[in-house]
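Chains, contacts and geometry: an overview
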Amino acid sequence: MNGRAVTAAALIFATAVSGQAGRAADSAWAIVSPFARGPAFRSPDPVDALLDAPEQSAESIWEQLILPPGSIYLRARATDVTTSPYPAHYLRAEYARNRAEIGALIARDDGERNGADLLRAGIEYSTAGTRLVAGDFRVDHALGWTVASTPAWASPTDPRAALRTGARGVRRNLSSEEGRGWRGAAVSYDPNGESSDTTASSQSAPFSADIWAGVADYDARAGANGGFVPYSVQGDHRERRTADLETLRCTHAGARFGVHLPARLGEFEAIGVIDRFDAPIDADQAPARFRIPGRRFSAFALAWSHSDPGRKRVIEAEATRQSTGAYAGAIVAGTGLGEANAVLASAWRATLGFASLHARPYLAFGTDPAGRTGGQLNWVHKLPGDRRLAAGVAVDVAEPAAGSQEQTRALAHLTYETALAVNTTLRLQAIEDASWEPGGSSDSQVRGRALLRREQGANRIDLRGELSRGEHGAIGMLSFGVTNHGGEFASVRFAVTGILHAGRGVAVSVIEPDGPGRFPVRRVSGSRLRAAARVDVHPLAGLLIWLAARAESRLSSSAPNTGAQTPVVSAGIDWFR
C-alpha cells in the first residue's frame, strides 16, 4: 500500500463516516456537487482541500478514519527533532474487531517537558442500531451552532463550504487537537445508520437519539474580578507558559432527539447541552468562546434538515438559545439547476453575547459569530470539456459594541479549472476581501492563486503561485513541487518555495510535504527561500516509514536571524493491517 493509496483509503473511510455520498455518486454531477457532506473531494488529494484553509491540517482526515473489522492501525511520529530538546511526538493505536473498536493516543507538542502531555483513549461497541462510547469522545450535530467538536475544515472559497460539516453524531475522540471533546460515556441509537438522505420513505425507524456526559479540563489563569480566564485553546504547556497556569474543570451533559417527519418532510431535531464549571469564569476578560458569567451554562436548539434522495436539493437550519440570553442560528439551502449548474446559499445571525463554548459553525469570516449577521451565495457551473467555474460572494455586518463601531466585511471569489491536456490541470482563483466602518477606517486585500498540475504515471509536478496585495503591503509566492511514486516500495516528494515580501499585514499559504500531517499548510510572511522533502518507504504491505526535512533561508538582511536556518527533521511510521 503506497502513500497515495493510504491517503485515498483514508478519504474513502472518511466519506463512509460522513455517509453522505449517497446515490449522487452514480452521476457525473456528483463530482462537482456542492451538497456532499464530509470530505467528498473531486480527487483523493488533501492538498486541494487544505489550500485555502491554512489553519487546518490533513490530520483531520486521519482522525475520521474508520477501520474495517479485524484490522489494526498504528501511527508514530516525531517532529522537529533537530530544533528542540523536547521535540513533538505522537503515538496512536486503533484496533477493530467485529462490533468493537478501541484506540489510544499519546502526544506532546514541541517544547513541552511532559512526555505524555496529551493522553486519550476510547472504545466503541455497536449492536442492533445502538452504539456505546466510553472514554474520550466528541459530538457533532446539525450545523454546529450548539455542539460541534470537529473543525469545519472548509474555506470561504469552497462552494460546498456551508455543508462541509464532516461526520455527525457521537464517536471516539483520538484527535491531537486539544481543548475539544469530553471524557466520559455516550450512547447513540440510530437503526437507520448513515443513510444518504433524510426523506421519510428511506427510513426504517421513525426516530434516533444520542445522550452523553463527561468532563473536560481547560487551561486558565486567575482573573482580575475574582473569576478565572480560560484560554481559548488548551494545550501549550511549555515551561514559560505554565508558571501561572490553573486547571478549570467543566462537567458536561447533552442529548439529541431526532424525528423523521412523514410525507418526505425531512428530519426534525432537538438538541440540548448543560455545563457546570468548578470555579466562576471572569466573562469580562475571557475570550469569545468562554463569554459565560458565573459557573453554569446551557443551550437548547431546534434543527431541521431535508434533502431529496440524490441530495440535489438540500436545506438545513438550526436555531439555538443560550442560558445567557444570547441566540444564534443559520439556514443553508442548495439546489441543482439542470446537469450543469448548482447554487448554494446560506445566512447566519448571532447576538452580541453568543459564546461558542461548544459551537463550531461554518463562517465565511473568522471563528467568532457573536454580534454578526451575514450571508453567502455560491454558484458552480460545469462547462464542456472537463472544465468548471465557481463563484461566490459573502457579506456580514457586526452590531456596534461598547467602544466600537459597526463593521461590514465582504468577500468575493472566482475559480476556474480546466484540463489543458491529458493529465494536465490548470486552476486559477481570484479573491477579494474587504472590511470597513461607516465614516471610519477600511481595509482590503486582493489575492490571486494559480495551480498547474501535470500527472504522468507515477510522477506528478505541481507549480503553484500566489500573489496577495493589501493596503499595507504585498507578498508573492512561487512553489515548485515534484512527487514520484517510485514503484511499489518507495515514493519521494520535494518542494521548493520562494517568497518575496514587502510591507506588513499580508501572508501566503505554503504547502510542504513534511510535518505532523500529510501535507501541512503554513501561513508565512517575510522574504525567504524554503525547501522541503519527504521520502516514503513501503517495505511490507500496509507498512509506511517516512522521513521528512525542511530548511529555509531568510532573504532580508535587516531581519533578525538572517541566513540559513537549522534544518527541521521529522520521521514517522504507519502500519495498517
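Read on for a plain summary of the structure.

What counts and how
- Residues numbered from 1 in each chain as written.
- Predicted model: local features only at pLDDT ≥ 70, side-chain atom pairs only at ≥ 80, totals over all residues.
- Heavy atoms only, no water.
- Phe/Tyr/Trp six-rings, centres within 6.5 Å; stacked < 30°, edge-to-face > 60°.
- Helix = DSSP H or I, 4+ residues; strand = E, 2+ residues; numbered from the N terminus.
- Buried < 20%, exposed > 50% of the residue type's maximum accessible area, 1.4 Å probe, protein only.
- Contact = heavy atoms within 4.5 Å.

**What to know about the packing of aromatic side chains**
- A full pass over the atoms with the stated rule returns seven aromatic pairs.
- For the ring pair F207 and F257, a centre distance of 5.6 Å and an interplane angle of 25° mean the geometry is stacked. Placement of the pair is F207 in strand β8 (residues 207–222) and F257 in strand β10 (residues 246–260), with a sequence separation of 50 residues.
- Taking relative accessible area as the criterion, F207 reaches 33% and is therefore assigned partly exposed.
- Among the residues examined, F257 registers a relative accessible area of 42% and is labelled partly exposed.
- Seen in terms of ring centroids, Y218 and F277 are 6.2 Å apart; in terms of plane orientation they differ by 40°. Their pairing is tilted. Of the two residues, Y218 is situated in strand β8 and F277 in strand β11 (residues 267–281); the sequence distance between them amounts to 59 residues.

**Comments concerning the side chain of S346**
- With respect to the helices, strands and loops of the structure, S346 is situated in strand β15 (residues 341–350).
- Beyond its immediate sequence surroundings of up to four residues, S346 is in contact with A162, I331, V332, G374, G375 and Q376.

**Comments concerning unusual backbone geometry**
- A positive phi angle is found at N98, which is not glycine, with a value near 55°.
- The backbone of N423 sits at a positive phi, close to 70°, despite the residue not being glycine.
- With respect to the helices and strands, N423 occurs in the loop between β18 (407–421) and β19 (424–436).

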